[in-house]
Amino acid sequence: MTTRNAQSNSSRPDIPLPLEMGSMKVWIGIIVSAAIAVMILPGLWKLREPVPESANLRLPYDLSKDYWLYRHWMNKYSGVTDLPRIYILGDSVVWGEFVDRDATLSAHLNASRPGERFEYINAGINGLYPVALQGLVQHSFPLHKSQRLILQINLLWMSNPEADLQTSKEQSLNHVALLPQFTQKIPPYKAAFENRAGIIWTRHFPFSQWVQHLQIAYFKNKSLQDWTTDSGASWPPDYPNAHTNPMSQMEHFKWMEPQDDPSRGIHSDRHRPWFDKGMAPTSMDWVPMESSLQFRAIQNLIVFLKKKKADFFVLIGPLNAHMMDAESRAECAAIERRLSEMLTGMGVGHMRAETLPSDQYADTSHPLSSGYRSLADQLADNPDFLKWLQ
Amino acid sequence: MLFHTWTFAVFFAVTWTVFIWLKSTRFSNIWLLIVSYVFYGWWHPYYLILILFSTLVDYGVVRAMDRCTPGSRWSRRFWLYVSLVNNLGTLAFFKYAGFIVANINSLLGLLSLNLVVPPPQDWMPFGWDYLLPVGISFYTFQSMSYTIDYYRGHLPMEKSFVRFATYVAFFPQLVAGPIERASRLLPQFHSPRSIRLPDIYSGAWLFLVGLFKKLALANYLGIFIEQVFAFPDDHTTADLVSATFLFAWQIYFDFSGYSDMARGIAKSLGFDLCLNFNHPYMARNISEFWQRWHISLSTWFRDYVYIPLGGNRVGVSRIYLNLLITFVISGIWHGANWTFVAWGLWHGLGICVTRFLSNRLDIRLPGVLSTPAVFLFSWVGWVFFRSESLAQAGYILRRIFTTQWGEFHVPTLMILLVFIVWAYQCLCEMRHTRALLQSPVTQIILGTAMLLYLFLGSASGGAFIYFQF
């Protein structure tokens, strides 16, 4: 055998070869320096981006998926009082979909101060549902022993198979980063392995969460590279960010919601009772508790909170029973009753919110400003809640 | 399965762990063959039929040649032709049939003949899909090198089918090269496997560099380039200039990034793959460009096309003809489109002209101008390569050379990144700065910067450009 070809594809001797790089010493250096940077950078950034001191703070709608910021705010929120805090966890009902931040449940509780000894924090996120809420508490909420929480449970997510994530047709779900990726099957969630693995990586690598925060908060939810190549809203494309210094973009973070949000608050066109919007009572196709994915998530969440020794109180509802036909209303009441029995059996303090007056609802589950006031009053008068506060 | 995906990360973790366990046993090649087929079948299981067929034919052909009585030149040659017809026929059918049929039909139309050749999709039996198997040009060329080299007496017959099949399908370089010669890679499947720690470190470095080239550079440049080439009418001439300039870098980052990752992966398994790119835009003449660009393909064409055509051992005009033929074939290898023919022809003409000027008229560009001139030459070539059609290439070149350029919209960050890479390559080429770049401190800074940039800023992923070839 001849080996004439053995080196036949090597370069000409006078052409320098690329450098041979990467030794053990070099890799140790890279890993150490990268690890230092990865640990230090997000921490330094927190100094640059302090948590705002503000009453009734809530995560702005545009930053709903910024879980790094959520955790940072929940961890470091320095409220307007020195009182111990109670975090109210839940979906858009807690967050206040139709109201401004001074008219949410937490804001009304802060105004009436039942128990007089606490400050209530709006820890709700718009767009959540029980399966995602479970993920939020497990992965992004700074939970610690004896932490005081109010967990609001919105049973609307069991009101039909689609809302309960039972249908196999793919849905564009909100907050997919909070869903279980490999441990539980969620039929309408059909992400590829790549996306699921990326979510798991981000969940367990805080540096990636911080990078995601930078993208959401400063770069229109895009990577730095995608942002610089944004072709703009007009055509022909004008690439508005092509020559913009990315660092200058860092000054534009709007952590506060707009003062006059046209979508929310009493002056908003959306802030009207449900019957003024053409909605009518409807029949609901309730999913049995035994087979409900959302209910299982609620159960898991309660077990998780108990395991972590959190000090929590559960608020069930208030669903808009005026929007349900008689049969649906009866089924809803039965589910609430069974949930209440389950919580009693587990020794968890709770309150079944009474249905609010019809004109205090914006839709099937979201109260209007006056509805939140009524709900806060219900809590303030509830003996179980007052007992839990003590 | 792309190298920069989580799927590959899981695949490689399993592959590597089991391989380390099996490396000293006779099962190591079987394991590599299994994982290589899994890797390839991941795209489409149907591809496996083709690669297996090609492998079986070439393995059988060499066995048949081996059985020929010594001196029976014609029977050996017959078996060589069987291999060539099989490999080139497969390639022609799956890669070029559509193009050939379209051109025949156009010709028939021009001649006003009422005849239409049905498209190759209609020729498929049992309703099978007509697909272009990923990387078919790479593995057929690799397999052919074995039969040709055996025929020429440059290497012995490989007795083990598993070893030969692993050589053809070896997953790090299966779909986009480097195109390894049997004489270089096959012996590595014979030798007792030893994976040394320095191999793993340098393999990891190569992988990091390749990943950076792909994710941070090629994909990023691709966003702007795709937009401009999709809507050339809606962009300024300055944007066309930028996009064509950047494409020269995008294809380099994309393809050399894949080669770097392939070499890195192979190294971590104890295999040494050949260098495929060596700072091509630092070349001082077009010949040198081809000694730095896709080295494994250009040497393949040199050894199996140019030299058999007569190479440099014939008259001057025949040398020029041989060069043109070789480069046109090389262009066609890249794809079934006249744009690739034009690209090959452009390079062939470039080599002929510069060869004529330097050998006959003793005209050479001064050193300081030669590298930029080669880059400019290749830049024009890439316009043909990237364009959808010759008409689009002509339109872009006409606008660049005849209209006001207007406003540049290319992101400053892109230009900055390309400039940094260019400056790094310049420093690599200079003897007195190489030592500085190779110092551990510089490597740590470079490695950390690449890693952090990948975390911080890289754009969303995409397939490698060269997979389509």
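Residues numbered from 1 in each chain as written. Chains lettered and ligands numbered in written order. Predicted model: local features only at pLDDT ≥ 70, side-chain atom pairs only at ≥ 80, totals over all residues. Heavy atoms only, no water.

## Focus on the overall build of chain B
- On a plain count of helices and strands, chain B comes out with 18 helices and 0 strands.
- Over its C-alpha trace chain B gives a radius of gyration of 23 Å, about what one expects of a compact globule, namely 23 Å for 469 residues.
- Expressed along its principal axes, the backbone C-alpha trace of chain B runs to roughly 70 × 65 × 50 Å.
- Looking at chain B as a whole, 58% of its 469 residues qualify as buried.
- Long-range contacts, defined as pairs at least 24 residues apart, comprise 75% of the intrachain contacts of chain B with a sequence gap of at least 6.
- Working note: accessible area of chain B is about 19700 Å², and carbon and sulfur atoms make up 69% of it.
- Once the 32 positive and 21 negative side-chain charges of chain B are each reduced to a mean point, those two points are 12 Å apart. (Helix = DSSP H or I, 4+ residues; strand = E, 2+ residues; numbered from the N terminus. Rg over C-alpha atoms; globule rule 2.2 N^0.38 Å. Buried < 20%, exposed > 50% of the residue type's maximum accessible area, 1.4 Å probe, protein only. Contact = heavy atoms within 4.5 Å. Areas by Shrake-Rupley, 256 points an atom, 1.4 Å probe, with all protein chains shown as cover. Lys, Arg positive; Asp, Glu negative; His and termini not counted. Charge placed at Lys NZ, Arg CZ, Asp CG, Glu CD.)

## Describing the packing of helix α12 (residues 316-334) of chain B against helix α13 (residues 338-359) of chain B
Residues and elements named next belong to chain B.
- Direction vectors running N to C along α12 and α13 enclose 150°, while the axes themselves pass 7 Å from each other. The angle between α12 and α13 falls in the class roughly antiparallel. Here α12 runs over α13; the crossing is right-handed. Only Phe340, Val341, Trp343, Gly344, Leu345, His347, Gly348, Leu349, Ile351, Cys352, Arg355 and Phe356 of α13 make contact with α12, whose side of the interface consists of Ile319, Tyr320, Leu323, Leu324, Phe327, Val328, Ser330, Gly331, Ile332 and His334.
- Split into classes, the residues belonging to the contact of α12 with α13 amount to 15 nonpolar, 6 polar and 1 charged. (Axes fitted to C-alpha atoms, helices over the stretch in contact; angles between N-to-C directions. Parallel < 35°, antiparallel > 145°, perpendicular 65-115°, else oblique. Left-handed = near helix turned anticlockwise from the far one by under 90°. Nonpolar A, V, L, I, M, F, W, Y, C, P; charged D, E, K, R; others polar.)

## Some remarks on the interface of chain A and chain B
- Contact with chain A, which involves 53 residues of that partner, is made by 70 residues of chain B.
- Carbon and sulfur atoms supply 60% of the area buried between chain A and chain B, which totals about 5400 Å² over both sides.
- Applying the counting rule to chain A against chain B returns 13 residue pairs in polar contact (both at pLDDT 80 or more).
- For the side of chain A that touches chain B, the secondary-structure elements that each account for two or more residues are α1 (24-48), α6 (193-204), α7 (206-218) and α8 (224-228) of chain A. (Buried area = accessible area lost by both parts, 1.4 Å probe. Polar contact = N/O pair within 3.5 Å; in protein donor to acceptor, adjacent residues only side chain to side chain.)

## A look at the packing of helix α3 (residues 46-67) of chain B against helix α5 (residues 136-152) of chain B
Residues and elements named next belong to chain B.
- At a minimum axis distance of 10 Å, the contact between α3 and α5 shows a crossing angle of 0°. The orientation of α3 relative to α5 falls into the category roughly parallel. Taking contact as the criterion, the partners of Leu50, Ile51, Ser54, Asp58, Val61, Val62, Met65 and Asp66 in α3 are, on α5, Tyr139, Thr140, Ser143, Met144, Tyr146, Thr147, Tyr150 and Tyr151.
- Classifying every residue of the contact of α3 with α5 by side-chain character gives 10 nonpolar, 4 polar and 2 charged.

## Thoughts on the pairing of strand β2 (residues 119-122) of chain A
All names here are of chain A.
- What you see with β2 is no split at all: Glu119 and Ile121 on one side and Tyr120 and Asn122 on the other are buried throughout.
- As paired strands, strand β1 (residues 85-89) and β2 are joined by 4 bridges and run parallel to one another. Looking at β2, one finds that Arg85 is bridged to Glu119. (Pairing = 2+ DSSP bridges.)

## Examining the domain arrangement of chain B
All names here are of chain B.
- Taken domain by domain, chain B consists of domain 1 (6-185) and domain 2 (198-457).
- A C-alpha centroid distance of 27 Å is found between domain 1 and domain 2.
- The interface of domain 1 with domain 2 comprises 31 residues on the first partner and 29 residues on the second.
- Applying the counting criterion to the domain 1 and domain 2 interface returns 2 salt bridges.
- One can count 13 residue pairs in polar contact (both at pLDDT 80 or more) joining domain 1 with domain 2.
- For the side of domain 1 that touches domain 2, the secondary structure elements donating two or more residues are α1 (6-22), α2 (28-41), α4 (73-110), α5 and α7 (182-190). (Domains from an automatic or database assignment. Salt bridge = Lys/Arg side-chain N within 4 Å of Asp/Glu carboxyl O.)

## Quick word on the packing of aromatic side chains
All names here are of chain B.
- Overall, the coordinates contain 89 aromatic pairs over all chains when judged by the stated rule.
- For the pair Phe39 and Phe171, a centre-to-centre distance of 5.6 Å together with 50° between the ring planes defines the contact as tilted. Within this pair, whereas Phe39 is found in helix α2, its partner Phe171 is found in the loop between α6 (161-169) and α7, the two being separated by 132 residues in sequence.
- By relative accessible area, which is 0% here, Phe171 ends up buried.
- Consider the rings of Phe247 and Trp382, whose centres lie 6.1 Å apart with planes at 80°: the pair is edge-to-face. Within this pair, whereas Phe247 is found in helix α9 (residues 237-268), its partner Trp382 is found in helix α14 (residues 367-386), the two being separated by 135 residues in sequence. Both residues of the pair, Phe247 and Trp382, belong to the buried class.
- When the ring centre of Trp74 is taken as reference, the NZ or CZ atom of Arg77 above it lies at 5.0 Å. (Phe/Tyr/Trp six-rings, centres within 6.5 Å; stacked < 30°, edge-to-face > 60°. Lys NZ or Arg CZ within 6 Å of the ring centre and 35° of its normal.)

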